[in-house]
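Fold and geometry: a report
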Amino acid sequence: MTAKASHNSRSLVTAFHADVLQQFRDRVYMTQGFVFAPFLLPFVGYGVYSDHLVIALCAFAIAIIAFANAIMIRRGRGLVVRFRYYFGFIVLGIILGFAEMGPKMGYWCYPAAFAILFVADRREARILIGITLLAWGGAAIAFIPTNMAIRFLVTYFMTCLLGDLVLGLLYSMQRNLAGMAITDPLTGAYNRRHMVTVLAHAIEESRRGFGPVC
């Protein structure tokens, strides 16, 4: 195998692993979208009834966007709105919830943390979790009793840490499964499935004028 072919092979393996992880995130995203929308709508109605209109609006926006994205993923198309862009609705809704509804709003932070961890790219998810720690921690300290705010911060941090560890294990399992799909279990050499993928990629590059197949 030439150096170029070897490089292309490694690149395809990396791309294959990344694609497997993205498919895993998309499945989780789609499931969350179909579950969150009907689950949040009653709380939207309650928010309107109890005059928490901004909170209700944030919850409604989250439900609609998550459901629309789930439909697009199911149809194999691009997202309507990327998670990082409507993440602001989640942060704002919970901050306002602390201000208007008190400590009980903290219960919403834990499922939100898992939604962030399992939907966003891992590096991006860690950044977003850090933002929530600052934003929601600050809101908790500002709007609820100090002792309750400290307990919330400690438990929320532990939940995020545990979620990140669990996600790391799941990603490792997905990468191992992806590797098993393209290698021979006895010798560790790439199997026919990988050879066909590499060959198709090389032929396509040759057609585009990037040089001969071999």
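Here, the structure is the one placed above.
Residues numbered from 1 in each chain as written. Predicted model: local features only at pLDDT ≥ 70, side-chain atom pairs only at ≥ 80, totals over all residues. Heavy atoms only, no water.

Take the packing of aromatic side chains next. Scanning the model with the defined rule gives 12 aromatic pairs in all. What links up through ring pairs into an aromatic cluster is the set Phe98, Tyr110, Trp136, Phe152 and Tyr156. (Phe/Tyr/Trp six-rings, centres within 6.5 Å; stacked < 30°, edge-to-face > 60°.)

Moving on, we come to the pattern of salt bridges. A side chain with one charge may pair with a side chain of the opposite charge, provided their charged atoms come close. What the rule picks out here adds up to 3 salt bridges. In this structure, the salt-bridge partner of Arg84 is Glu124, at a minimum N-O distance of 2.9 Å. Residue Arg84 is located in helix α3 (residues 83–101), and its partner Glu124 is located in helix α5 (residues 122–143); the two are separated by 40 residues in the primary sequence. Under the relative-accessibility criterion, Arg84 is labelled partly exposed at 40%. One salt bridge in this structure joins Asp164 and Arg122, with 3.3 Å as the shortest N-O distance. Taken as a pair, Asp164 in helix α6 (residues 146–182) and Arg122 in helix α5 lie far apart in primary sequence, 42 residues in all. Under the relative-accessibility criterion, Asp164 is labelled buried at 12%. Salt bridges linked by common partners bring Arg122, Arg126 and Asp164 together as one network. (Salt bridge = Lys/Arg side-chain N within 4 Å of Asp/Glu carboxyl O. Helix = DSSP H or I, 4+ residues; strand = E, 2+ residues; numbered from the N terminus. Buried < 20%, exposed > 50% of the residue type's maximum accessible area, 1.4 Å probe, protein only.)

Taken N-terminus to C-terminus, the directions of α3 and helix α4 (residues 109–119) make an angle of 170°; their axes are 12 Å apart at the nearest point. Considering the angle they form, α3 stands roughly antiparallel to α4. The segment α3 lies against α4, with Phe83, Phe87, Ile90, Ile94 and Phe98 engaging Cys109, Ala112, Ile116 and Val119. Grouping the amino acids of the contact of α3 with α4 by side-chain chemistry returns 9 nonpolar, no polar and no charged. (Axes fitted to C-alpha atoms, helices over the stretch in contact; angles between N-to-C directions. Parallel < 35°, antiparallel > 145°, perpendicular 65-115°, else oblique. Contact = heavy atoms within 4.5 Å. Nonpolar A, V, L, I, M, F, W, Y, C, P; charged D, E, K, R; others polar.)

What follows concerns helix α2 (residues 53–74). Since one α-helical turn is 3.6 residues long, residues separated by three or four positions face the same way. With 22 residues, α2 extends 31 Å between its outermost C-alpha atoms, agreeing within 8% with the 32 Å of an ideal straight helix rising 1.5 Å per residue. The first or second residue beyond α2 is Gly76, which carries a positive phi of 75°. (Expected span 1.5 Å × (residues − 1).)

Its place among the elements puts His52 in the loop between α1 (3–49) and α2. Residue contacts for His52: discarding those within four places in its chain leaves Gly47, Glu100 and Met101.

Here we come to a nonpolar patch on the surface. On the surface, Ile150, Val154, Phe157, Met158, Leu161 and Leu165 cluster together to form a nonpolar patch covering roughly 600 Å² of accessible area. Under the relative-accessibility criterion, Met158 is labelled exposed at 52%. (Patch = residues over 30% accessible without salt bridge, like charges linked within 9 Å, V, L, I, M, F, W, Y side chains within 5 Å. Areas by Shrake-Rupley, 256 points an atom, 1.4 Å probe, with all protein chains shown as cover.)

Quick look at unusual backbone geometry now. Here the phi dihedral of Asp51 falls at roughly 65°; this positive angle occurs in a residue that is not glycine. Overall, Asp51 belongs to the exposed group, its relative accessible area being 62%.

What follows is about the side chain of Gln32. Structurally, the position occupied by Gln32 is in helix α1. For Gln32, a relative accessible area of 15% corresponds to the buried category. In this view, Gln32 contacts Phe114, Ala115, Phe118 and Val119; residues no more than four positions away in its chain are not counted.

Honestly, that's just the spatial picture; any functional story needs more than this.
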